[in-house]
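# Residue-level structural notes
Here are the chains, one letter per residue:
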There are 2 protein chains.
Amino acid sequence: MRAVTIKDVAKAAGVSSATASRVLSGNPATSPESRAGVEAAATRLGFVPNAQARSLRSTRTDTIALLISDVRNPYFSDLAHAVEQQARAAGIMTFIGNANEDSGQQDDFLAAMLSRRVDGLIIVPQGLGEDAGRPSEMMQRMIASGTPMVFVDRTLAGVEVPSVTVSSARALEQGIARLAGLGHCRIAFIGGPAHASTARERREAFDAALEANGLAPEACLHFAGDFKAASGAEGARWVAAHPARPTAVVIADAPMAIGALGVWREAGVRIGPELSVLSFDEVDTLLMHDPPIATIGHDLSQMGRAAVTALQAVMAGRQPESEQFTSHFTPRSSLATARPITSTMTQGSATP
Amino acid sequence: MRAVTIKDVAKAAGVSSATASRVLSGNPATSPESRAGVEAAATRLGFVPNAQARSLRSTRTDTIALLISDVRNPYFSDLAHAVEQQARAAGIMTFIGNANEDSGQQDDFLAAMLSRRVDGLIIVPQGLGEDAGRPSEMMQRMIASGTPMVFVDRTLAGVEVPSVTVSSARALEQGIARLAGLGHCRIAFIGGPAHASTARERREAFDAALEANGLAPEACLHFAGDFKAASGAEGARWVAAHPARPTAVVIADAPMAIGALGVWREAGVRIGPELSVLSFDEVDTLLMHDPPIATIGHDLSQMGRAAVTALQAVMAGRQPESEQFTSHFTPRSSLATARPITSTMTQGSATP
DNA sequence: TTCAGCTATGAAATCGATTCCATGGAATCG
DNA sequence: CGATTCCATGGAATCGATTTCATAGCTGAA
């Protein structure tokens, strides 16, 4: 039951609450004496200002919120860490919310933030439905509220919010070129959910990269996952059972890759010799894998910093340009020469 | 610039703000007509109650905060996910804060929470200094404030806060027994920072387990890390360069294990045959490693649920018992027969 | 000496909801 | 039928800070 209010401090210091407030908020219109008295009283009583009352009157909270789409995805926890450290350096407190790749949970968090009036929001947005980018009603309301916000990693269509994203087209083209050079011509793609713009971008980049390398994109080699490990595992089983079994697989994020690799390990599929794997997101687990997995990734701390900088610009009333980084392709030994499969599951036409 | 307040809603519905408030907060003392009118007006105007104002008056926020010690540690992100889902099921919003294994950042977060009056707190506490459990001044103030709180994973000495922890003594004894059975007698320990109670508990359990298996604990085989990857890497180099090179290593958390495994891979140390590795925390990366790493772990979703349940009890005014789970040892192929090292670094007495 | 200008200050309004209190009217009871 | 309870309601106080606004006390210029 704590009750130390600014009035208690004021009384203890023998001044009015107005003066106490001025001292505590650094207003220069205060005498050295009252300053000393109030500060002494405040520390002595252990005064903690009530943030509710303060921001109710002054509309400033000195906090931003970061909404990521999956805490357990190391990609996003790296991002969270980067954002948080950068904000901290600027004297801003960060709350992290988890949308769990779910539009409903995203909306709940947005509603909480809207009623709680944070100073700014950094969001990894989820779209609605199949068109991969329609903002939810709650999101529209959030935007309409005028709360400074910035999108990071993903975007939504038809919405004017500055964003910090990454383009993977070039890296993917390099990766596919490498695979093509190794003789692969049936390359499967385990993709992400329609509600994520990155999922769409990666799939399109994949198709474009195939064409650029003289390979025909085939719909039957696309598997639609949801960016989580379980769907990666499912994708792995789908690949293994595929009638025209692919010799290489590109996976659109790390959790799915991890799920898939677990299945292949169980099934005794040798990564590299039997199946080349290229995954998005350069995370520890993929590098730790044996053989290490080739990745398409980028610097998340850079991206986190850029997001905070952009948000600060928006909070200052400016309109920062959207920024786009470029991811890089790192070949590793999970990419190997295409060979006819000789496992028990072999079927269809074997390339001699 | 949003301005839809409860007064606007009341006016639109032709009632007073008191009635509007009653309707919106589900007070039964309202007529069907005003209920209908207010609800219609609220949705039509897109009314979002101001949480600041609400909780200023009613001291309830329907939010809890979870303070974890490292977002990037998969162990804690699993915990965060579990807590969040459980709280969500109970209609409670969760904010996540990151202490980054740093007492100062922990205190900043606590200060923000104290002034923001969350309904409850679930904390992975950091102690101060070498005695691994002294609460910081801010933490003491937090406790004194009477805010319902629960410790999870770690505890602080001399503080009466219900906690949900895990005991690893038995699992560690089993693990050491297995190592001893494989002929290991120089087992190193890469431990955690003094500010974490788990670090201390694990080191003590390690020493006890050695004794229980007839091995003498030697201080020179203890390496003090900080639960982060970089210190694990350092520990790995320390092991490799150790004058009396150990044949097995126990590592106190996953990030350090990952850091260490990276170094050993670089150095060409073969895990299993050359060096047996047993790590705490059963996370993907360790299972994905080749060979898979033996672990001591436990069910985090169970622990997260227990923490939320305990917190709800505290919030309801009860005093729940502290709960302690037991972790389990899972042997994997990273544990193998002790053999004399024949690598380039070999030195000291070789066992024939 | 007097008046404008400045500074430090306190009283009071304010932010937006909740909640206490009083009240008028309907329903119930003796 | 008169008295009592009950119910929905509006007015006003309240939460704890910030922020006007007015003022008293000083300083410095004319």
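Residues numbered from 1 in each chain as written. Chains lettered and ligands numbered in written order. Predicted model: local features only at pLDDT ≥ 70, side-chain atom pairs only at ≥ 80, totals over all residues. Heavy atoms only, no water.

## Quick word on the pairing of strand E9 (residues 276–280) of chain B
Looking down a regular strand, the side chains alternate between one sheet face and the other. Residue and element names in this part refer to chain B. Worth spelling out the cut-off: Relative accessibility thresholds used throughout: buried, under 20% of the residue-type maximum; exposed, over 50%; partly exposed, between the two (1.4 Å probe, protein chains only). By definition, any uninterrupted DSSP run of H or I lasting at least four residues is a helix, any uninterrupted run of E lasting at least two residues is a strand, and each is numbered from the N terminus. Pairing between strands is defined by DSSP: at least two bridges between them are needed. Handedness of a crossover is defined as follows: orient the strands so they point away from the viewer, and if the path from the first strand over the helix to the second runs clockwise, the crossover is right-handed.
With five of its five residues buried, E9 lies for the most part within the structure. Pairing geometry for strand E8 (residues 248–251) and E9, over four bridges, is parallel. Paired with Val 250 across the bridge in E9 is Leu 278. Handedness of the E8-helix H11 (residues 254–267)-E9 crossover: right-handed. Both E9 and strand E10 (residues 294–297) contribute to a ladder of three bridges, which runs parallel.

## A short note on the protein's contact with DNA strand D
Here is the rule: Proximity is defined per residue: any heavy atom of the residue falling within 4 Å of a molecule or strand makes that residue near it. Polar contacts, as used here, are pairs of N or O atoms within 3.5 Å; protein pairs need one atom able to donate a hydrogen and one able to accept it. Residues neighboring in sequence count only if both atoms are side-chain atoms. In this count, Pro and Cys sit with the nonpolar residues alongside Ala, Val, Leu, Ile, Met, Phe, Trp and Tyr, while Asp, Glu, Lys and Arg are called charged and the others, Gly among them, polar.
In the region of DNA strand D, 26 residues are neighbours, and Thr5(A), Ile6(A), Ser21(A), Thr19(B) and Ser34(B) sit closest. Restricting the count to atoms of DNA strand D within 4 Å of the protein gives a sugar and phosphate share of 63%. The separation between a phosphate oxygen of DNA strand D and a polar side-chain atom of Thr19(B) is 2.5 Å. Only helix H2 (17–24) and helix H4 (51–58) of chain A together with helix H2 (17–24) and helix H4 (51–58) of chain B provide two or more residues apiece to the surface near DNA strand D. No other element matches H4(A), which puts five residues into the surface near DNA strand D. Looking at side-chain class alone, the surface near DNA strand D contains twelve nonpolar, nine polar and five charged residues.

## Looking at the nonpolar core
Convention followed: As used here, the term nonpolar core means buried Ala, Val, Leu, Ile, Met, Phe, Trp, Tyr and Cys residues forming a set that is joined through side-chain atoms within 4.5 Å. Contact between two residues is taken to exist if any of their heavy atoms lie within 4.5 Å; hydrogens are not considered.
Among the nonpolar cores identified, the biggest contains 54 residues, and Ile68(A), Ile122(A), Val152(A), Ile68(B), Ile122(B), Val152(B) and Val164(B) are the most heavily contacted of them. The contacts of Ile122(B), once residues within four sequence positions are left out, are Ile64(B), Ala65(B), Leu66(B), Leu67(B), Val83(B), Val150(B), Val152(B), Ala307(B), Val308(B) and Leu311(B).

## Regarding the domain arrangement of chain A
Test applied: Domain start and stop points were drawn from an automatic or database domain assignment.
Splitting chain A by domain gives domain 1 (6–49), domain 2 (63–166 + 300–326) and domain 3 (168–298). Here domain 1 of chain A and domain 3 of chain A have C-alpha centroids that lie 62 Å from each other.

## Points about the environment of Ile122(A)
Looking at the element boundaries, Ile122(A) is found in strand E3 (residues 120–123). Sequence separation between Ile122(A) and Gly304(A) is 182 residues; the distance between their C-alpha atoms is 9.6 Å.

## Comments concerning the interface of chain B and chain A
By a widely used convention, the size of an interface equals the accessible area lost when the partners come together. Cut-off, in case you're wondering: Put simply, buried area is the surface a 1.4 Å probe can reach on two separate parts but cannot reach once they are joined, added for both.
Taken together, the contact pairs 50 residues of chain B with 50 residues of chain A. Taking both partners together, chain B and chain A bury about 4,900 Å²; carbon and sulfur atoms supply 56% of that area. The largest per-residue losses of area from chain B upon contact with chain A belong to Gln52(B), Arg116(B) and Met288(B), which jointly make up 16% of the total buried on that side. Where chain B touches chain A, the interface holds 24 residue pairs in polar contact (both at pLDDT 80 or more). Contributing elements (two or more residues each) for the side of chain B that touches chain A: H4, helix H5 (74–89), strand E2 (93–98), helix H6 (103–116), H11 and helix H12 (284–288) of chain B. Partitioning the side of chain B that touches chain A into residue classes produces 19 nonpolar, 19 polar and twelve charged.

## With respect to the pattern of salt bridges
Just so we agree on the cut-off: One speaks of a salt bridge when a side-chain nitrogen belonging to Lys or Arg is within 4 Å of a carboxyl oxygen belonging to Asp or Glu.
This structure, assessed with the given rule, holds twelve salt bridges over all chains. Residue Glu137(A) pairs with Arg141(A) through a salt bridge whose shortest N-O separation is 3.6 Å. Separated by four residues within a single helix, Glu137(A) and Arg141(A) lie in helix H7 (residues 137–144), roughly one turn from each other. Owing to a relative accessible area of 57%, Glu137(A) belongs among the exposed residues under this scheme. Residues Arg60(B) and Asp62(B) are paired through a salt bridge, measuring 2.7 Å at the closest nitrogen-oxygen approach.

## Observations concerning H4(B)
All names here are of chain B. Going by this rule: Of all possible arcs, the one meant is that of the directions from the helix axis to the C-beta atoms.
Looking at H4, one finds that the buried residues are Ala 51, Gln 52 and Ser 55. Down the axis of H4, the buried side of the element spans an arc of 100°, and every buried residue falls inside it. Its side-chain oxygen 2.8 Å from the backbone nitrogen of Gln 52, Asn 50 forms the N-cap of H4. Thr 59, located one to two residues past H4, shows a positive phi value of around 35°.

## Let's talk about the protein's contact with DNA strand C
Neighbouring DNA strand C are 26 residues, the closest being Thr19(A), Arg22(A), Ile6(B), Ser21(B) and Arg57(B). Sugar and phosphate atoms represent 62% of those atoms of DNA strand C found within 4 Å of the protein. With respect to DNA strand C, the side chain of Arg22(A) contributes an N or O atom lying 2.8 Å from a base nitrogen. One nitrogen or oxygen atom from the main chain of Ile6(B) is found 2.3 Å from a phosphate oxygen belonging to DNA strand C. Counting only elements with at least two residues in the surface near DNA strand C, the list comes to H2 and H4 of chain A together with H2 and H4 of chain B. Its residues assigned to classes, the surface near DNA strand C shows twelve nonpolar, nine polar and five charged.

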